[in-house]
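Each chain, letter by letter, is given below.
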Amino acid sequence: MANKKVKVGIVGLGRQGYQHAENLALRVPNCELIAVCSVVEKEVKEVQEKWGIPYGYADYDEMLENRELEAIFIASPSGFHYEQIEKALEAGFHVFSEKPLGLYLEEAEKVEKAVSRHPDKVFMLGFMRRYDRSYADAKRMIDSGEIGEPVLIRCYGLDPAGKLDSFLKFARDNYSGGLFLDMAIHDLDLARWYLQAEPEEVWAIGGSYARPEFAELGDAETGAAMVRFSGNRIGIFVAGRNCAHGYHIETEIIGTNGTLRIGTVPERNQVMIFNETGAVKKCTGGFLERFEQSYLSEAEEFINCILENRKPSVNVRDGVESTRLGYACKKSFETGKLVRVKS
Ligand code: NAI
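This is a predicted model, so every value here is computed, not measured.

Engineer: I'd like to hear about the overall build of the chain, residue by residue, with values.
Structural biologist: Looking only at helices and strands, the chain features 13 helices and 15 strands. With the C-alpha coordinates aligned to their principal axes, the bounding extent of the chain is approximately 50 × 50 × 45 Å. For the chain, the proportion of its 343 residues judged to be buried stands at 55%. When contacts within the chain are restricted to residue pairs at least 6 apart in sequence, those whose partners lie at least 24 apart make up 71%. A total accessible area of about 15,800 Å² is found for the chain, and carbon and sulfur atoms account for 51% of it. Across the chain, the 43 positively charged side chains and the 52 negatively charged ones have centroids separated by 2 Å.

Spelled out as structure tokens, the structure:
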């Protein structure tokens with residue numbers, strides 16, 4: 001067992017997939033990345049040459065025929081997830097999938113059924129924040145009662161304004177689920193995790209402010225949702241795509257005996273420059289930089305679960321329930337009404 005390496009194949013070699021592939025090829029112990037797949041053949045060749053990956057595919061189904069493989073990592077666009085997860089499980093592989101499980105609640109529920117048909121396989125969803133050292137530490141503190149009963153969670157998920165143009169270009173041709181499903185989903189998951197409560201009703205509002213194109217797409221540039229969770233717990237979620245100072249992910253959990261804050265100043269590092277504008281700290285520029293450690297830790301956990309024959313703490317139900325809440329937020333934003341979350 002000590003020398004056993006899990007043989008992995010990855011589909012999707014874009015922003016997220018490349019990062020995962022690099023971790024799997026170079027940094028995750030007991031793992032061997034032996035196959036890569038993307039519809040863009042140039043990406044496949046580049047990665048194969050760079051890290052000496054023996055198998056390259058432009059077709060996902062062909063990769064699944066490779067019987068040397070034991071596990072599949074999915075980092076393709078969200079619309080492909082549910083089908084690719086199902087196919088990989090049916091073909092007998094352990095599966096890690098980037099969030100979300102699917103673009104529609106029905107797709108997420110299909111994945112849940114597929115996972116339950118294969119109880120001997122490890123299935124893990126990429127809610128990487130749970131593996132971030134600060135978020136994991138906050139969870140330990142809440143569970144050990146350090147802030148008393150957690151009663152309110154406030155989350156900011158803000159993408160840098162510098163990425164607005166590329167996002168709008170992407171969103172014109174691709175359905176991403178919209179602001180609440182695509183962006184706030186990590187926060188919705190954290191709320192359930194920290195509060196240990198399920199959402200009951202939601203009121204969400206939002207709009208287009210700097211860029212009217214969001215309204216034309218039926219989406220919001222900046223939005224907010226207020227959620228009542230079971231036990232009268234409160235969730236406040238702010239999501240936006242026009243954050244001038246960079247990538248700002250901040251979470252506050254208020255308890256009956258204290259408060260935790262994570263990422264209040266989204267600082268890049270310890271450096272501060274004192275100049276004519278004041279005392280300035282640079283902010284993180286994007287998710288790959290902020291969550292570098294989490295992406296590696298979640299991949300390590302996936303491989304360890306396979307080797308140790310156990311299941312990760314983040315499961316398919318977490319994916320379904322966060323999607324359900326994301327859809328309720330979307331519905332409330334679109335109708336202007338308070339929406340009951342039905343499970
Ligand atoms: P991307 O557009 O940069 O990359 C997509 C990749 O999939 C490309 O290599 C593309 O060629 C390949 N591809 C597209 N269709 C394919 C198919 N049918 N078969 C095989 N390969 C195919 O997308 P990005 O930003 O890397 O996002 C990928 C996924 O990761 C999305 O589902 C997104 O929601 C998720 N994501 C998660 C983040 C997190 O923090 N957990 C952050 C960013 C993205």
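Now that the structure has been shown, we can carry on.
Engineer: Could you give an account of helix α9 (residues 185–195), with specific residues and numbers?
Structural biologist: Since the α-helix advances by 3.6 residues per turn, residues separated by three or four positions end up pointing in the same direction. Within α9, 11 of the 11 residues are buried, leaving the element largely enclosed by the surrounding structure. Within α9 the residues assigned to the buried category are I185, H186, D187, L188, D189, L190, A191, R192, W193, Y194 and L195. Among the residues trailing α9, Q196 stands out with phi positive, at a value near 50°.

Engineer: Please give an account of the domain arrangement of the chain that cites residues and values.
Structural biologist: Splitting the chain by domain gives domain 1 (6–121) and domain 2 (130–290 + 322–340). Each of domain 1 and domain 2 was reduced to a C-alpha centroid, and the two centroids are 27 Å apart. Listed as interface residues are 9 residues of domain 1 and, on the opposing side, 11 residues of domain 2. Interface area for domain 1 against domain 2, summed over the two sides, is near 1,000 Å², with a carbon-plus-sulfur share of 61%. Ranking the residues of domain 1 by area buried against domain 2 places K99, L103 and L105 at the top, with a combined share of 49%. With a closest N to O distance of 3.4 Å, K99 and D182 form a salt bridge.

Engineer: Describe the UniProt feature "domain: Gfo/Idh/MocA-like oxidoreductase N-terminal" (unreviewed entry) in the chain, and please don't skip the residues or the numbers.
Structural biologist: Under the UniProt annotation, "domain: Gfo/Idh/MocA-like oxidoreductase N-terminal" (unreviewed entry) lies at residues 6–123. For residues 6–123, helix accounts for 43% and strand for 21%, while the C-alpha atoms at its two ends are 15 Å apart.

Engineer: An account of the packing of aromatic side chains is needed here, citing residue identities and associated values.
Structural biologist: Per the stated rule, a full pass over the model turns up 11 aromatic pairs. Ring centres 5.8 Å apart and planes at 65° place the aromatic pair F96 and F302 in the edge-to-face group. On the criterion of sequence distance, the pair formed by F96 in strand β5 (residues 94–97) and F302 in helix α12 (residues 292–308) is long-range, its members being 206 residues apart. Grouping residues by exposure puts F96 and F302 together as buried. Aromatic side chains Y104 and Y175 sit 5.5 Å apart centroid to centroid with 15° between the ring planes, which places their arrangement in the stacked category. Remark: Y175 occurs in the loop between α7 (164–173) and α8 (178–182) and Y104 occurs in the loop between β5 and α5 (105–116); sequence separation between them is 71 residues. For Y175, a relative accessible area of 34% puts it in the partly exposed group. Taken together, F73, F96 and F302 form an aromatic cluster joined through their ring pairs. The ring of Y156 has R154 sitting right over it, with the charged end atom 4.8 Å from the ring centre.

Engineer: Give a detailed account of the UniProt feature "domain: GFO/IDH/MocA-like oxidoreductase" (unreviewed entry) in the chain, specifying residues and quantitative values.
Structural biologist: In the numbering adopted here, UniProt assigns the feature "domain: GFO/IDH/MocA-like oxidoreductase" (unreviewed entry) to residues 135–261. End C-alpha to end C-alpha, residues 135–261 measures 10 Å, and it is 31% helix and 39% strand.

Calculation criteria
Residues numbered from 1 in each chain as written. Predicted model: local features only at pLDDT ≥ 70, side-chain atom pairs only at ≥ 80, totals over all residues. Heavy atoms only, no water. Helix = DSSP H or I, 4+ residues; strand = E, 2+ residues; numbered from the N terminus. Buried < 20%, exposed > 50% of the residue type's maximum accessible area, 1.4 Å probe, protein only. Contact = heavy atoms within 4.5 Å. Areas by Shrake-Rupley, 256 points an atom, 1.4 Å probe, with all protein chains shown as cover. Lys, Arg positive; Asp, Glu negative; His and termini not counted. Charge placed at Lys NZ, Arg CZ, Asp CG, Glu CD. Domains from an automatic or database assignment. Buried area = accessible area lost by both parts, 1.4 Å probe. Salt bridge = Lys/Arg side-chain N within 4 Å of Asp/Glu carboxyl O. UniProt positions renumbered as here; feature names shortened; annotations may be inferred. Phe/Tyr/Trp six-rings, centres within 6.5 Å; stacked < 30°, edge-to-face > 60°. Lys NZ or Arg CZ within 6 Å of the ring centre and 35° of its normal.

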